Amino acid sequence: MSDIVLETKGLTKYFYEPTKFKVLDNITMSVNHGEFVSIVGKSGCGKSTLLYLLSTMDTDYEGEILIHEELVTGQSDNDLARIRNGKIGFVFQFHYLLSEYNVLKNVMLPGLKLQQYSEAEIEHRAMEHLKTLGMEDQALKMPNQLSGGQKQRVAIARALINNPLIIMGDEPTGNLDKRNSDLVFDIFKELTQEYNQTLLVVTHDPDFAARTNRIITMEDGKIIV
Amino acid sequence: MNYRLILNIAVHLLRARLKQTIVAAAGVTFGIAMFITLLGFMNGLNDLLDGLMLNRTPHVRLYNEIKPVENQPVNLSEKYKNATNFITSIKPKDRGKAIYNSKTIIKVLKEDKRIVDVAPKVSTPVFFNSGTIEISGIINGISVTAEEELFKFSDYITDGNIADLEQNNSIIIGSGLAKKMMLERGDIIKVTTPKGNLASLKIVGISQIGIAEIDDVMSTTSLSTSQKILGESTNYITDIQLKLHDISLAPQLAKEFSTQFGVDTIDYQTANSQFETGSTVRSIISYAVGIVLLIVAGFGIYNILNMMIYEKMDSIAILKATGFSGNDVKWIFLSLSMIIGIAGGILGLIFGLLFSGIIDTIPFETASLPTIKTYPINYNMLYYIIGITFALVTTVIAGLLPALKASKIDPVEIIRGK
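About the criteria used
- Residues numbered from 1 in each chain as written.
- Chains lettered and ligands numbered in written order.
- Predicted model: local features only at pLDDT ≥ 70, side-chain atom pairs only at ≥ 80, totals over all residues.
- Core = buried A, V, L, I, M, F, W, Y, C linked by C-beta atoms within 7 Å.
- Buried ≥ 20, exposed ≤ 12 C-beta atoms within 10 Å, placed from the backbone.
- Helix = DSSP H or I, 4+ residues; strand = E, 2+ residues; numbered from the N terminus.
- Contact = placed C-beta atoms within 7 Å.
- Nonpolar A, V, L, I, M, F, W, Y, C, P; charged D, E, K, R; others polar.
- Axes fitted to C-alpha atoms, helices over the stretch in contact; angles between N-to-C directions.
- Parallel < 35°, antiparallel > 145°, perpendicular 65-115°, else oblique.
- Left-handed = near helix turned anticlockwise from the far one by under 90°.
- Pairing = 2+ DSSP bridges.

Observations concerning the nonpolar core
Looking at soluble globular proteins, one finds that nonpolar side chains tend to be buried together.
Move 1: In terms of nonpolar packing, the biggest core is built from 114 residues, with A:Val107, A:Ala157 and B:Phe333 touching the most fellow members.
Move 2: Of the residues forming this core, the biggest block, eleven residues, is contributed by helix α2 (residues 18-56) of chain B.
Move 3: In this view, A:Ala157 contacts A:Val107, A:Ala126, A:His129, A:Leu130, A:Leu133 and A:Met135; residues no more than four positions away in its chain are not counted.

Regarding the interface of chain A and chain B
Move 1: With 25 residues of chain A at the contact, the number on the chain B side is 21 residues.
Move 2: Top element by residues in the side of chain A that touches chain B is helix α2 (residues 77-87) of chain A. It accounts for six residues.
Move 3: Residues of the side of chain A that touches chain B, tallied by class, amount to 13 nonpolar, five polar and seven charged.

What about the packing of helix α1 (residues 3-16) of chain B against helix α13 (residues 326-361) of chain B?
All names here are of chain B.
Move 1: Contact pair α1 / α13: the axes reach a minimum separation of 8 Å and the direction vectors enclose 60°. When the axes of α1 and α13 are compared, the pair comes out oblique. The handedness of the crossing between α1 and α13 comes out as right-handed. Residues Ile-6, Leu-7, Ile-9, Ala-10, Leu-13 and Leu-14 of α1 pack against Asp-328, Trp-331, Ile-332, Ser-335, Leu-336 and Ile-339 of α13.
Move 2: When grouped by side-chain class, the residues that make up the contact of α1 with α13 number ten nonpolar, one polar and one charged.

Overview of the sheet that holds strand β3 (residues 36-41) of chain A
All names here are of chain A.
Move 1: Taken together, the six strands give an open sheet; going across it, the order is β6-β7-β8-β3-β9-β10, and neighbouring strands pair in mixed fashion. Both outer strands of the open sheet, β6 (88-91) and β10 (222-223), are each paired with one neighbouring strand and no more.
Move 2: By the bridge criterion, five bridges tie β3 to strand β9 (residues 214-219) in an arrangement that is parallel. Across the sheet, the residue bridging to Gly-41 is Met-218, located in β9.

A closer look at helix α12 (residues 313-321) of chain B
Residue and element names in this part refer to chain B.
Move 1: The element α12 is largely enclosed, with a buried count of seven among its nine residues.
Move 2: Within α12, the full set of buried residues consists of Ser-315, Ile-316, Ala-317, Ile-318, Leu-319, Lys-320 and Ala-321.
Move 3: Just downstream of α12 lies Gly-323, where phi reads positive at about 115°.

Some details on the sheet that holds strand β5 (residues 70-71) of chain A
Residues and elements named next belong to chain A.
Move 1: Strand order in the open sheet formed by four strands is β2-β1-β4-β5, and the pairing between neighbours is antiparallel. Edge positions in the sheet fall to β2 (21-32) and β5, since each has one partner strand and no second.
Move 2: Sheet analysis places strand β1 (residues 4-15) next to strand β4 (residues 62-67), joined by five bridges and oriented antiparallel. The residue bridging Thr-12 from the neighbouring strand is Glu-62, located in β4.

Quick look at the packing of helix α5 (residues 148-160) of chain A against helix α6 (residues 178-195) of chain A
Residues and elements named next belong to chain A.
Move 1: For the pair α5 and α6, interaxial distance at closest approach is 10 Å and the crossing angle is 15°. Relative to α6, the element α5 lies roughly parallel. Helix-helix and strand crossings are classified by hand; for α5 and α6 the assignment is right-handed. Mapping the contact onto sequence places Gly-148, Gly-149, Gln-152, Arg-153 and Ile-156 in α5 and Asn-180, Leu-183, Val-184 and Ile-187 in α6.
Move 2: Residues that form the contact of α5 with α6 fall into these classes: four nonpolar, four polar and one charged.

Spelled out as C-alpha cells, the structure:
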C-alpha cells in the first residue's frame, strides 16, 4: 500500500443555482498518511464544497476521487455509505450528536453499523477513546447535558471509533471559544503525533491552520498554494 | 444490513417522541378495535337473521303448485301451430298436492352428491276443534331426524322434546294456537282434515317461531301421523326439502330438478331475495366503516412520521455522514411505522375482542328468537386476520412516503445549511 490516503484528479464542480457557476476548478491534490492538513481560504472559495466531495456525501462532480487508491467516483449509495462508515471520520462545526442516545452510544453507533467488532468490544473501545479525550465520566450523560467543547470531543471520539484512514473536519473549532478550540487542536495534534492519524480540516482560523503540517490555500475554486 | 441496530435506532427515535407515538398507535388501535367489533356484531346479526331464514326455508323446495296447465291443448294442435292463440277464462287444475312418485324422487335425490340431506314433508290445512269453536290451521308432517338436521327445529320448541313426535298420534302446536285454545303439553287436541277425517292427537310440545301469524296456525306432527290422519298412503308427500353443500348452486339445481322430475321448485335465493340484499349491504357497510377508520389512522401515522422527519433532519444527516446508507434510513422510518402498526394493531385486536365480549353479554331478548338471550357476536378468526393485516398494510403505506423522503435527504445540505 502506498502512503497516499486521499487523492483527487481534476475535480470540477458546478453550482446551478441561481446561475451556472464553477465552484471547484480542476483540483488535483493528495493527502499522505499521517499528515495533518488544513484547507484555508475566504468564504465562498469552495473549501467546504471540496471537503464534502472528498467525504463522498456529495457525488455531483467531474473528475476522480481515490481513497486508499480505490476509486470512489461512481460507486453506489450503499458502497459510499460503507466507505464513509469504515474509512472516514467526521467532525463538524456543530456537534451533530444524536440527542436520543447518551454519549457512549453516540460514540458506538458507527462501530455498531460497521460490525467489525462485537458490541462489548465496541463499547470498550468507545470508553478508551472517551478516556483519551478526558470524557470518560460523561459517558452516560445525554448530549444536551454537555458543554459545546465537550460535545465536540464526543464527536471526535465518534470519528475515531472505526479507526478511520482519515478524519475530516469542517470548521471543527468554528463554534468554540479560544480555550476549547485550543483543546480540540491539541487533541488533533496528539492524534497525528502519537497515533499517526491522518487529518484534513477546513478552517478559516489562521492560528489553527498555522499550527498544522501543511496548509492548502484556495481561492476562487482553485488551489493556489 | 444490521436489523437489530436499525430497530434500536427506530425505538430510540420513538421513545424521544413517546406522546405522539402513543397517539398514533391509539389511532390504529381504535381503528382495528372498531373494525373488529363492528364486523363481529354486524356478522353476528347477519348470521342470526340468515339462520332465521335458513331454518325456515330449504335451499330448494320441490312441490306441486295449483296452476293452469302450461301447454294448453290449442298450443299442441298442429293446425294452430303458427297462429297466435288467445285463451280466456283458464281455470287452474288441481293435480293433487302430492308429489307423484315421491319415493323414487327422494331416492334419486339422496344419491346426489351435491345434496346434504333430503327432508320430505306433508303439509295440509286442518281445523282444530276447541269446544264448539273451529280454528283453522296447518299441520306439517315431518321426518323428525331430517327436519332437525335441516332446520334445527328443536331451537324453536319452548316446551317439550322433538323426539316425542316419533310417538304415534303426537303433535307439537304453535304457541299462539296453544294460547288461544288454552292448551298445554299433555293435553289432547281434536283435528278435522279437509276431507272430514277426525283425529285426536296428544300435545307433546309447544313451538314458537317468533312470527305471530305462523305461531297462530302452525302445528307439527310426524310424517306417518299426518299421512294417517289424512287417510293417505306412505307415498303421500307434498313437499321435498333439500339442503345443499353449496347454497349458491340452489337456483341452478332448482331448475334442473324441475325439468327432471316435472314438479315445481323454488330456491332459497328466490324465496329470500330481499333478505340476501340486506345481508350484503350490512356487510359492505361494516367493512367500509372499518376500512375508513383504518385509513384515518393511516393519515395520522403519515403526519406524525412526516413531522418526525422534519424534526430529525439533523439526526438523519449525521446517520448518513457516519455511514448509514439511504436504504438504512428508509428502514429506520419504515420500522418506526411498523412498530406503531404492530403495537396498535395487536392492542386493537385485544380491545376488539373485549368490546365484542361486552356486547355479547348485553341482554337481547325478543319474542321472535326464543333461544337468543344476548346480542349475537361472530368471533370469526378471519376478521382478526383481516384487521391485523390491514393495520400493517396501512401503516407500511403511510410510513413508506416519509421513509423514502428521509432516505433521499442530502446530508450535505443539512450540515452546510447550519
